Amino acid sequence: MLRIEDLHVYYGAIHAVKGISIAIPKGGIVTLIGANGAGKSSTIRSIAGLVKNVKGRILYTPPDGTEMNIAGRRPEDMVRLGIAMSPEGRRILPHLTVEENLKLGAYIRTDTDGVERDRDHVYELFPRLKERSWQKGGTLSGGEQQMLAVGRALMSSPHLVMLDEPSLGLAPLLVKEVFDIIGEINAQGKTVLLVEQNAFAALKIASYAYILEVGAIALEGRGEDLLKDPRVKEAYLGG
Amino acid sequence: MNRKTRNLALTGIAIALLAFFIWWAQGNLDGYKIQVTNLVAVNAILALSLNLIYGFTGMFSLGHAGFMALGAYVNALLTLTQDQKTTMWILDPIAWPFSVMHAPFFLSVVCAGLVAAFVALLIAIPVLRLGGDYLGIATLGFAEIIRVVLTNLSSITNGALGIKGIPGHANLWWNYGWFLITLFFMIRLINSNFGSVLKAIRDDEIAAKNMGINTFFYKVVSFTVGAFFAGVGGALMGSLTTTIDPKMFSFALTFNVLMFTVAGGLGSITGSVIGSIVITVLLEWLRIVENPVTIGSFEIPGIPGMRMVLFSLALILIILFRREGIMGMKEITWDGIFDRSKRGGKSE
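Residues numbered from 1 in each chain as written. Chains lettered and ligands numbered in written order. Predicted model: local features only at pLDDT ≥ 70, side-chain atom pairs only at ≥ 80, totals over all residues.

K.L.:
Would you mind showing me how to read the overall build of chain B here?
P.N.:
Across its full length, chain B carries 15 helices and two strands. Scaling as 2.2 N^0.38, a compact globule of 348 residues should have a C-alpha radius of gyration of about 20 Å, and chain B matches this with 21 Å. Projected onto its principal axes, the C-alpha positions of chain B cover 60 × 60 × 40 Å. Among the 348 residues that make up chain B, the fraction classed as buried is 42%. In chain B, of all internal contacts separated by at least 6 residues, the share reaching a separation of at least 24 is 80%. (Helix = DSSP H or I, 4+ residues; strand = E, 2+ residues; numbered from the N terminus. Rg over C-alpha atoms; globule rule 2.2 N^0.38 Å. Buried ≥ 20, exposed ≤ 12 C-beta atoms within 10 Å, placed from the backbone. Contact = placed C-beta atoms within 7 Å.)

And the structure:
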């Protein structure tokens, strides 16, 4: 579904991503893990079109189309192509209601019926959001905001869902809940790209994983293999 | 009776009451009070237009005085007769076609708004790439540029001498008519999808982009529409005072509008209206403190500017104790008044 070839991201003089190549197969869950500053977020943000200075190729194959290079295109183009992102830090619209947040997630869509169906589907996935549909986004708890961010990304009816650190700042029980739902979203046919610092949870759910260190891929493999890898255990899973 | 017809009826009644008040005011209030009532309407238009730009879209713009100046000058040029213009332009004779332009008042105010909107559009494209305080500084600069250009284009604007004897068409009916047009336009806009998108950009521009919104387009439209109503407000103000000159449109004017908007509540339509009423009336009422006072045999002469001191104190208190303004982001709506359990709906 998506292949990245030799991707470089620059912020002024800083070379944040130094030529990484990854592949995301259709229907899979691929995860990028690594410490702060490894380039995970820069990679995902360049796929979303939010980073200006990108070199390399991002090759995207829509379900009913041919492969195209989408590197450097605008964020709205990416959403229209079926790539949605739940950004780091959730970025909920604090003064809009839960319902309005979800509706805006479907901004690019014109099929009102489909949007309503998807909204009901999001409410099924996250019953808490339904209870709070009239509440302002800013009044939700951290976990609820994360659910809203994921739900909002789903509202654009994407083929590829990218989640940037969905477990950030959540209690362990909530982390489990969020990861269960990521699995459910994947089971319902969405391809998922997951960026995480919580290596253990991410590797358990992922079909394939890349470990990033200072802008380059240090290690890659199937999620369950990396979980057993002694190097990974030592560096990311606390021995 | 369902809620929609009820709200429509209530809105009708409110407009009828306002019309009755205007009719009564014209016969019973003295000139000074009528002038203050007029100012309330014009200030409310200005506050609403700035609220669209700053309160609802989150663009900190300090260019309002510039757009008002454009509106006021366009309206003056379009409502004065050819004879009046040729005798008044002393520094340089008035240039054609400005000498012969003429339009009825309504059309003239619309043109005033359109010219302001057009200039805003030109400014918006380079300036709206900036964010936060930088945008404030850049728009402030543009407002000053407009003022300097107006001072120096004396064959069109009569330069620093300004324009006097502008026909005072802007009576209570016109001002409140335009106020209602602005108010209803804003309510419809803010409660539409377009309004939600603007609020999304205000709340988090990156999140908005992330949802596929072309944020730049929406910012440009919001800025331009806001400038249109600033131009309308400027035109009405010029017609109300019948005299304009470039000095009138300094930063202090922008600051006043900012004050109505912030005191009323950024992001609240009701707030802008209430803020304009309260502050306009308060500013006039505070003139008492500038009068000479006699206590026993002591006579304290009036201190000019005292009301601004008190007023600044009031502003400091607002900032300290109620930063979100009178209304915050809340609105007073018919639904809010009559059925508290239900939410949403149309505001008045």
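K.L.:
Can you walk me through the sheet that holds strand β6 (residues 83-86) of chain A in this structure?
P.N.:
By definition, the strands of a sheet pair up through backbone hydrogen bonds, in either a parallel or an antiparallel sense. Residues and elements named next belong to chain A. Taking strand neighbours across the sheet as the criterion, the six strands line up as β6-β7-β8-β3-β9-β10 in an open arrangement whose pairing is mixed. At either end of the open sheet lies a strand with only one pairing partner, and these are β6 and β10 (216-221). Strand-to-strand twist in this sheet, taken as the mean axis angle between neighbours without regard to direction, amounts to 20°. With four bridges connecting them, β6 and strand β7 (residues 160-164) associate as parallel partners. Bridge pairing links A84 to V161 in β7. Together, β6 and β7 form the strand contacts of helix α6 (residues 142-154), whose direction differs from that of β6 by roughly 170°. (Pairing = 2+ DSSP bridges. Axes fitted to C-alpha atoms, helices over the stretch in contact; angles between N-to-C directions.)

K.L.:
What should I look at first to understand helix α3 (residues 98-105) of chain A in this one?
P.N.:
Every α-helix winds through 3.6 residues per turn, so residues three or four apart in the chain are directed the same way. Buried residues dominate α3(A), accounting for six of its eight residues. Looking at the buried residues of α3(A), the elements they touch are α4 (112-125), α5 (127-131) and α6 of chain A together with α9 (193-203) of chain B.

K.L.:
Sorry if this is basic, but what is going on with the packing of helix α3 (residues 64-79) of chain B against helix α12 (residues 251-264) of chain B here?
P.N.:
Two quantities define a packed helix pair, namely the angle between the helix axes and the distance between the axes. Residues and elements named next belong to chain B. It is at 7 Å that the axes of α3 and α12 come closest, and there the two elements cross at 110°. On the basis of their axis angle, the class for α3 and α12 is roughly perpendicular. Counting all contacts with α3, which are made through H64, A65 and M68, the residues of α12 involved are F251, L253, T254 and V257. In the contact of α3 with α12, the residues fall into five nonpolar, two polar and no charged. (Parallel < 35°, antiparallel > 145°, perpendicular 65-115°, else oblique. Nonpolar A, V, L, I, M, F, W, Y, C, P; charged D, E, K, R; others polar.)

K.L.:
Can you walk me through the interface of chain A and chain B in this structure?
P.N.:
Accessible area lost during the coming together of the parts is what is often quoted as the interface size. With 20 residues of chain A at the contact, the number on the chain B side is 16 residues. Elements supplying a minimum of two residues to the side of chain A that touches chain B: α2 (75-81) and α3 of chain A. Of all the elements, α2(A) adds the most residues to the side of chain A that touches chain B, at four residues. Along the lines of polarity and charge, the residues of the side of chain A that touches chain B split into 13 nonpolar, three polar and four charged.

K.L.:
Any chance you could explain unusual backbone geometry here in plain terms?
P.N.:
If a residue is not glycine, its phi is most likely negative; likewise, a peptide bond is most likely trans. Cis geometry marks the peptide bond from W96(B) to P97(B), where omega comes out at 5°. Mapped onto the elements of the fold, P97(B) is located in the loop between α4 (82-88) and α5 (105-127). Not every positive phi belongs to a glycine, and R91(A) is a case in point at roughly 50°. Secondary-structure assignment places R91(A) in the loop between β6 and α3. For R91(A), a count of 22 C-beta atoms within 10 Å translates into the label buried.

K.L.:
How do you make sense of the environment of K4(B) when you look at a structure like this?
P.N.:
Tracing the chain through its elements places K4(B) in helix α1 (residues 3-28). In sequence terms K4(B) and G31(B) are 27 residues apart; their C-alpha atoms lie 39 Å from each other.

K.L.:
Even after reading the chapter, I still don't get the sheet that holds strand β1 (residues 2-11) of chain A, so can you show me in this structure?
P.N.:
Residue and element names in this part refer to chain A. Read from one edge of the open sheet, four strands run β2-β1-β4-β5, paired in antiparallel fashion. Each edge of the open sheet carries a strand with a single partner, namely β2 (14-24) and β5 (68-69). Sheet topology places strand β4 (residues 54-60) next to β5; two bridges connect them, and they run antiparallel. Residue pairing in the sheet places Y60 in a bridge with M68 of β5.

K.L.:
Before we go on, may I ask you to explain the environment of A38(A) in this structure?
P.N.:
All names here are of chain A. Of note, A38 is situated in the loop between β3 (29-34) and α1 (40-47). The spatial distance from the C-alpha of A38 to the C-alpha of V195 is 11 Å, given a sequence separation of 157 residues. In this structure A38 touches L212, E213, V214 and G215, once residues within four positions along its chain are discounted.

K.L.:
Help me understand the nonpolar core, please; the structure alone is not making it clear to me.
P.N.:
Within soluble globular proteins, side chains that are nonpolar tend to cluster in buried spots. One finds M162(A), I45(B) and A116(B) to be the most contacted residues of the largest nonpolar core, which totals 156 residues. Among the elements that line this core, the one with the most residues is helix α2 (residues 31-56) of chain B, at 14 residues. Sequence-distant contacts of A116(B), defined by excluding residues within four places in its chain, comprise F67(B), L70(B), G71(B), A227(B), F228(B), A230(B) and G231(B). (Core = buried A, V, L, I, M, F, W, Y, C linked by C-beta atoms within 7 Å.)

K.L.:
How do you make sense of the confidence of the model for chain B when you look at a structure like this?
P.N.:
When pLDDT is low, close inspection of the predicted coordinates is not appropriate. Residue and element names in this part refer to chain B. Overall, the predicted model of chain B reaches an average pLDDT of 90, with 97% of residues at or above 70. Per-element mean pLDDT across chain B ranges from 78 in strand β1 (residues 293-295) up to 97 in helix α11 (residues 215-241). The low-confidence segment residues 342-348 (pLDDT under 50) makes 22 contacts with residues lying over four places distant or belonging to another chain. The complex model carries a pTM of 0.91, and its ipTM stands at 0.90. (pLDDT = per-residue confidence, 0-100.)

K.L.:
For this particular structure, what's the right way to read the pairing of β3(A)?
P.N.:
All names here are of chain A. Counting buried residues in β3 gives six out of six residues, a clear majority hidden from the surface. Every second residue of β3 is oriented toward a common face, with I29, T31 and I33 on one face and V30, L32 and G34 on the other, all of them buried. Looking at chain direction, β3 and strand β8 (residues 191-196) are connected through five bridges and run parallel. Residue pairing in the sheet places V30 in a bridge with L193 of β8. One ladder, built from five bridges, connects β3 with strand β9 (residues 208-213); its direction is parallel. Residue pairing across strands places G34 opposite L212, the latter belonging to β9.

K.L.:
Where do I start with the packing of α1(B) against helix α8 (residues 172-190) of chain B in this structure?
P.N.:
Residues and elements named next belong to chain B. Following both chains from N to C, one finds α1 and α8 inclined at 160°, their axes separated by 10 Å at the closest point. Considering the angle they form, α1 stands roughly antiparallel to α8. As for how α1 packs across α8, the hand of that crossing is right-handed. Within the contact between the two elements, α1 uses I15, L18, I22, A25 and Q26 and α8 uses L172, W173, Y176 and L180. When grouped by side-chain class, the residues that make up the contact of α1 with α8 number eight nonpolar, one polar and no charged. (Left-handed = near helix turned anticlockwise from the far one by under 90°.)

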